[in-house]
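Notes for the structure review
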Amino acid sequence: MKLNEIKLTNPYLELPRECYTRVEPTPLENVFLIHANEAVASLLGIDIEELYSDAFLDFVNGALALEGSDPFAMCYAGHQFGHFVPRLGDGRAINIGTLNHLHLQLKGAGQTRYSRSGDGRAVLRSSIREYLMSEAIHGLGIESTRALALIGSEHKVYREVWETGAIVLRVSPSWIRFGTFEYFAHKKRYKELEALADYAIAESYPHLADAPDKYLHFFTAVAGKTARLMAEWQAVGFNHGVMNTDNMSIAGLTLDYGPFAFLDDYDLQYICNHTDQHGRYSFGNQPNIGKWNLQALMHALSPIVQREKLESALEGYADLYHHHYLELMRKKLGLDALKEEKDLELVRQLLRMMQELQPDYTLFFRTLSRYDGERSSLLKLGLYHQPMHAWLERYDERLKENRSTLQERHRAMLRTNPKFVLKNYMLQEAIEAAQKGDFSVVDALFRIAQDPYAEHPQHERWAGPTPDAFKNQKLSCSS
Ligand code: AMP
Ligand code: MG
């Protein structure tokens, strides 16, 4: 499809007026394309050549409205670091229409009614991070919002210093947040709350549309999706950093990329967000926060579903989480032939050993994916040998009960344990090059993000441990 053949729809605008505000994007000055995502263009049915046209650049800049576009910002509330904020909303994201069930949104395209004191902009640095990381999470098989394009500009934006503005054209099957429900619950607008629940069901859980007790089943489904997402983040070593309820997707997607990080060295206590002094959103605390956030959602839904029923639905969360997590870890370890108790113990011991040795998380599993009894490459990853030896003894024992051959296990593990994750020092390299007008690192990281299990021999240096100077750093929220 050519750009001028596209017809956008706006299903969200059928919701009550309180759910959104119409707003026109404010384009950036002197824009240029940094990257376009051809895979997402295909999902949308947009011709690849169109991505490199002037019209496309105008489109991403909010300067060219496609047929049917009726731009708006969504209203929501949320718990930020545990404190309720009654009104947040899209302060710098403008929805520009829906195509093939994907909702298009320009992040950084100017102020909206919900901007508060913000300028409605996103700087290049944070936009590169979101653009690459959403693709990386998707590439790892974890549900995420994605992006169609990233543009830069000469538009000056002030943070702690002068920077330049950028826009990411984000796409998602849903932009509804836990906080969207909290907004209407807090205002006691129960009609709107129901309308929103019906909308979210139709959008993300259509099989529940005619179920008796559909709102209860909806909550149960969201809890299930959240448990799965948390298990996936833990298994891959992803620290989101700002798990406020306004950044929690009702569809169980990874949403709103800010000061996130992939683990360098394994550490449950790792905190990627500089402003998170007490570690509320530390790596190890994410599954608990998932539940805390579901409790906030439960509270918001209690005007339309019996409280006791919601509570018993939430009781299932911990078991679901542990079930998913164990399954993912068994896969990472190449274990087949279910040995539930034994495997649980093996994973517990693994985590204890990792917490003690703190090896590079990604490199450990990738190295283990070629383990054939020869231990030197694994032993090198930790300072002491004894804990690794002790765990490998148990692992060797357990492998005797596996059905697959060594080759089969290696092949499966190499498809499960990525060679690359986009660590912050790699993203920083892409940012610094881009700030000088060189987008080749963005391009290289994008390719890695799309296929993190492939060898990419030209990028071998990114497969090693993080250089000491860049390890386990914290990032600021200012973006
Ligand atoms: P975040 O921490 O990025 O999820 O943002 C929290 C809230 O602040 C959301 O409502 C954002 O839309 C809003 N916000 C963040 N940065 C800006 C900005 N530069 N201008 C306007 N609103 C912003
Ligand atoms: Mg947010």
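First, a word on what this report is: a plain description of the structure on this page.

Criteria and thresholds
Residues numbered from 1 in each chain as written. Chains lettered and ligands numbered in written order. Predicted model: local features only at pLDDT ≥ 70, side-chain atom pairs only at ≥ 80, totals over all residues. Heavy atoms only, no water. Helix = DSSP H or I, 4+ residues; strand = E, 2+ residues; numbered from the N terminus. Rg over C-alpha atoms; globule rule 2.2 N^0.38 Å. Buried < 20%, exposed > 50% of the residue type's maximum accessible area, 1.4 Å probe, protein only. Contact = heavy atoms within 4.5 Å. Areas by Shrake-Rupley, 256 points an atom, 1.4 Å probe, with all protein chains shown as cover. Lys, Arg positive; Asp, Glu negative; His and termini not counted. Charge placed at Lys NZ, Arg CZ, Asp CG, Glu CD. Salt bridge = Lys/Arg side-chain N within 4 Å of Asp/Glu carboxyl O. Donors = N, O, S within 2.8 Å, 3.2 Å for Na, K, Ca; no water. Axes fitted to C-alpha atoms, helices over the stretch in contact; angles between N-to-C directions. Parallel < 35°, antiparallel > 145°, perpendicular 65-115°, else oblique. Left-handed = near helix turned anticlockwise from the far one by under 90°. Patch = residues over 30% accessible without salt bridge, like charges linked within 9 Å, V, L, I, M, F, W, Y side chains within 5 Å. Pairing = 2+ DSSP bridges. Phe/Tyr/Trp six-rings, centres within 6.5 Å; stacked < 30°, edge-to-face > 60°. Near = heavy atom within 4 Å. Polar contact = N/O pair within 3.5 Å; in protein donor to acceptor, adjacent residues only side chain to side chain. Nonpolar A, V, L, I, M, F, W, Y, C, P; charged D, E, K, R; others polar. Core = buried A, V, L, I, M, F, W, Y, C linked by side-chain atoms within 4.5 Å.

**Description of the overall build of the protein**
- Counting its regular elements, the protein contains 15 helices and twelve strands.
- Taken over C-alpha atoms, the radius of gyration comes to 23 Å for the protein, in line with the 23 Å a tight globule of 479 residues would show.
- Dimensions along the principal axes, computed over C-alpha positions, put the protein at roughly 60 × 55 × 45 Å.
- Residues classed as buried in the protein amount to 59% of the 479 residues present.
- Considering only intrachain contacts with a sequence separation of at least 6, the fraction spanning at least 24 residues in the protein is 71%.
- When the accessible area of the protein is evaluated, it comes to approximately 19,800 Å², of which 51% is carbon and sulfur surface.
- Looking at charge distribution, the protein has the averaged site of its 53 positive side-chain charges lying 3 Å from that of its 62 negative ones.

**Observations concerning the pattern of salt bridges**
- Scanning all chains against the criterion turns up 34 salt bridges.
- For the salt bridge of D443 with R447, the shortest nitrogen-to-oxygen distance reads 3.1 Å. Residue D443 and its partner R447 are located together in helix α15 (residues 440-450), separated by four residues, close to a single helical turn.
- Each of K107, E130, R170, R177 and D256 takes part in salt bridges that share partners, so that together they form one network.

**Thoughts on the coordination of the magnesium ion (ligand 2)**
- In the first shell of the magnesium ion (ligand 2), the protein supplies N247 (OD1) and D256 (OD), at 2.0 to 2.2 Å from the metal.
- Here N247 falls in the buried class, since its relative accessible area comes to 11%.
- D256 gets classed as buried once you look at its relative accessible area, which sits at 14%.

**Details of unusual backbone geometry**
- Of note in the backbone geometry, N30 takes a positive phi value of approximately 50 degrees without being a glycine.
- Looking at where N30 falls in the secondary structure, it is placed in the loop between β1 (20-22) and β2 (32-36).

**Let's talk about the packing of helix α5 (residues 190-204) against helix α6 (residues 214-236)**
- It is at 11 Å that the axes of α5 and α6 come closest, and there the two elements cross at 60 degrees. On the basis of the axis angle, α5 is oblique to α6. Where α5 crosses over α6, the handedness of that crossing is left-handed. Residue-level contacts link E194, A197, D198, A200 and I201 of α5 to K214, Y215 and F218 of α6.

**As for a positive patch on the surface**
- Residues R17, R87, R113 and K187 make up a contiguous surface patch of positive charge.
- Within the element layout of this structure, R87 appears in the loop between β5 (83-85) and β6 (93-99).

**Points about the pairing of strand β10 (residues 162-172)**
- Counting buried positions along β10 gives nine out of eleven residues, so the element sits mostly inside the fold.
- Relative to β10, strand β8 (residues 122-123) runs antiparallel, the two being bridged by two bridges. Paired with V123 across the strands is G165, a residue of β10.
- In this sheet, β10 lies alongside strand β9 (residues 146-158) in antiparallel orientation, the contact comprising nine bridges. Across the sheet, residue I151 finds its bridge partner in β10, namely I167.
- Counted between consecutive antiparallel strands, the loop separating β9 from β10 contains three residues.

**Thoughts on the packing of aromatic side chains**
- As enumerated under the stated definition, the model contains 25 aromatic pairs in all.
- Ring centres of W391 and Y395 lie 4.8 Å apart, and the angle between their planes is 15 degrees; on these two criteria the pair is classed as stacked. Of this pair, W391 and Y395 both sit in helix α12 (residues 386-399), separated by four residues, roughly a single helical turn. Both residues of the pair, W391 and Y395, count as buried.

**As for the environment of E311**
- Along the polypeptide, E311 turns up in helix α8 (residues 307-332).
- Between the C-alpha atoms of E311 and P387, which are 76 residues apart in sequence, the distance is 41 Å.

**As for the site of ligand 1**
- In the vicinity of ligand 1 there are 16 residues, among which G89, G91, R116, D119 and G120 approach most closely.
- Between a nitrogen atom of ligand 1 and a main-chain N or O atom of G120, the distance comes to 2.8 Å.
- Alone, ligand 1 offers 480 Å² of accessible surface; in the complex the protein occludes 79% of this.
- Residue composition of the shell around ligand 1, by class: two nonpolar, seven polar and seven charged.

**Some thoughts on the side chain of T145**
- If you trace the backbone, T145 turns up in the loop between α3 (124-139) and β9.
- Other than its neighbours up to four places away in sequence, T145 contacts S134, V171, S172, W175, L253, T254, L255 and Y257.

**Some points on the nonpolar core**
- Counting 156 residues, the largest nonpolar core has L148, F181, F364 and Y395 as the members making the most contacts within it.
- In terms of residue count, α6 provides more of this core than any other element does, 13 residues in total.
- With sequence-adjacent residues up to four places away left out, L148 is seen in contact with A36, N37, V40, A41, L44, I46, L51, F56, Y131, L169 and V171.

**Quick notes on the packing of α3 against helix α14 (residues 424-435)**
- Remark: α3 packs on α14, axes separated minimally by 10 Å, with the N-to-C direction vectors making an angle of 130 degrees. The pairing of α3 with α14 is recorded here as oblique in orientation. The handedness of the crossing between α3 and α14 is right-handed. Contacts between α3 and α14 involve L124, R125, I128, R129 and L132 from the former and N424, L427, A430, I431, A434 and Q435 from the latter.
- Of the residues in the contact of α3 with α14, the class split is seven nonpolar, two polar and two charged.

**Examining the pairing of strand β7 (residues 102-107)**
- Summarising burial for β7: six of the six residues are buried, a large majority.
- Residue alternation in β7 divides its side chains into two sets, L102, L104 and L106 and H103, Q105 and K107, and both sets are buried.
- Where β6 and β7 come together, six bridges link them in antiparallel fashion. Considered in β7, the bridge of T98 is made with H103.
- What sits between the antiparallel neighbours β6 and β7 is a turn of two residues, in which N100 has the positive phi angle 50 degrees.
- Here five bridges tie β7 to β10, and the two strands are oriented antiparallel to one another. Looking across to β10, one finds that H103 is bridged to S172.

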